[in-house]
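Coordinate inspection notes
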Amino acid sequence: MTIENTNLNSPLERFMDSIADRNLTYYASDLVHLTGCESIDALGAALRRATEVCNCMHIPLRENFKVVFRPQNGELVQDWRLSPMAYMLLVLNSDAHNDVVAHLQVEMVKRALNQE
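A quick note: this is a predicted structure, and the numbers were derived from the prediction, not measured. (Residues numbered from 1 in each chain as written. Predicted model: local features only at pLDDT ≥ 70, side-chain atom pairs only at ≥ 80, totals over all residues. Heavy atoms only, no water.)

**Thoughts on the overall build of the protein chain**
Along the protein chain, the regular secondary structure elements total five helices and three strands. Listed N to C, the secondary structure of the protein chain is α-β-α-α-β-β-α-α in terms of helices and strands. When contacts within the protein chain are restricted to residue pairs at least 6 apart in sequence, long-range pairs at least 24 apart make up 58% of them. When the accessible area of the protein chain is evaluated, it comes to approximately 7900 Å², of which 55% is carbon and sulfur surface. Within the protein chain, one finds 10 positive and 15 negative side-chain charges whose respective centroids are separated by 6 Å. (Helix = DSSP H or I, 4+ residues; strand = E, 2+ residues; numbered from the N terminus. Contact = heavy atoms within 4.5 Å. Areas by Shrake-Rupley, 256 points an atom, 1.4 Å probe, with all protein chains shown as cover. Lys, Arg positive; Asp, Glu negative; His and termini not counted. Charge placed at Lys NZ, Arg CZ, Asp CG, Glu CD.)

Written out as structure tokens, the structure is:
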């Protein structure tokens, strides 16, 4: 299943989506603004890799990623609502040449190692 194939219509599926939405507490655009990227498109490859990780591990995409449209400078632009795990996967799969991303990646690894 890919994100493009998650167009669901039944009442039960809409209910399940609304339950999953409660966990989608981040926006991909948060990382765009944090890193100084020009647009959400700059994170496209990282977003694809994050969804591939979820697919590989059989983690439901609907519980971690959702396409949304948000106003920005008088226009509607595509964004993604993300679960905390999806946000971390996005950071881990982003361009490490960006100082902010590299710092976040190292900080996440340090925290993971301290929790063991």
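**Comments concerning the sheet that holds strand S2 (residues 65-72)**
By way of backbone hydrogen bonds, the strands of a sheet pair with one another, either parallel or antiparallel. In spatial order, the strands read S1-S3-S2; together these three strands make up an open sheet with antiparallel pairing. A strand with exactly one partner marks an edge of an open sheet, and here the two such strands are strand S1 (26-27) and S2. Relative to strand S3 (residues 75-82), S1 runs antiparallel, the two being bridged by two bridges. Following the sheet pairing, Tyr-26 is matched in S3 by Leu-82. Helix-sheet contacts for helix H3 (residues 44-56) involve S2 and S3, and the interaxial angle to S2 is about 155°. Against the sheet, helix H4 (residues 84-92) touches S1, S2 and S3, its axis set at about 105° to S3. (Pairing = 2+ DSSP bridges. Axes fitted to C-alpha atoms, helices over the stretch in contact; angles between N-to-C directions.)

**Things to note about the pattern of salt bridges**
Two side chains carrying opposite charge are able to pair once their charged atoms lie near each other. Enumeration according to the criterion identifies three salt bridges in this entry. A salt bridge links Asp-79 to Arg-70, with the nearest nitrogen and oxygen atoms 3.0 Å apart. Using a relative accessible area of 2% as the deciding quantity, one classes Asp-79 as buried. On the basis of relative accessible area, Arg-70 is assigned to the partly exposed category, the value being 28%. (Salt bridge = Lys/Arg side-chain N within 4 Å of Asp/Glu carboxyl O. Buried < 20%, exposed > 50% of the residue type's maximum accessible area, 1.4 Å probe, protein only.)

**Some details on helix H2 (residues 28-35)**
Considered for burial, the residues of H2 that qualify are Ala-28, Ser-29, Leu-31, Val-32 and Thr-35. Looking straight down H2, one finds its buried side chains confined to an arc of 155°; they lie on one side. Contact partners of the buried residues in H2: S1, S2, S3, H4 and helix H5 (99-114). Phi for Gly-36, located one or two positions after H2, is positive at around 80°. (Arc of directions from axis to C-beta.)

**Some points on the side chain of Asn-93**
Relative to the elements of secondary structure, Asn-93 occurs in the loop between H4 and H5. Ignoring any residue separated from it by four or fewer positions in sequence, one finds Asn-93 in contact with Ala-46, Arg-49, Ala-50 and Gln-105.

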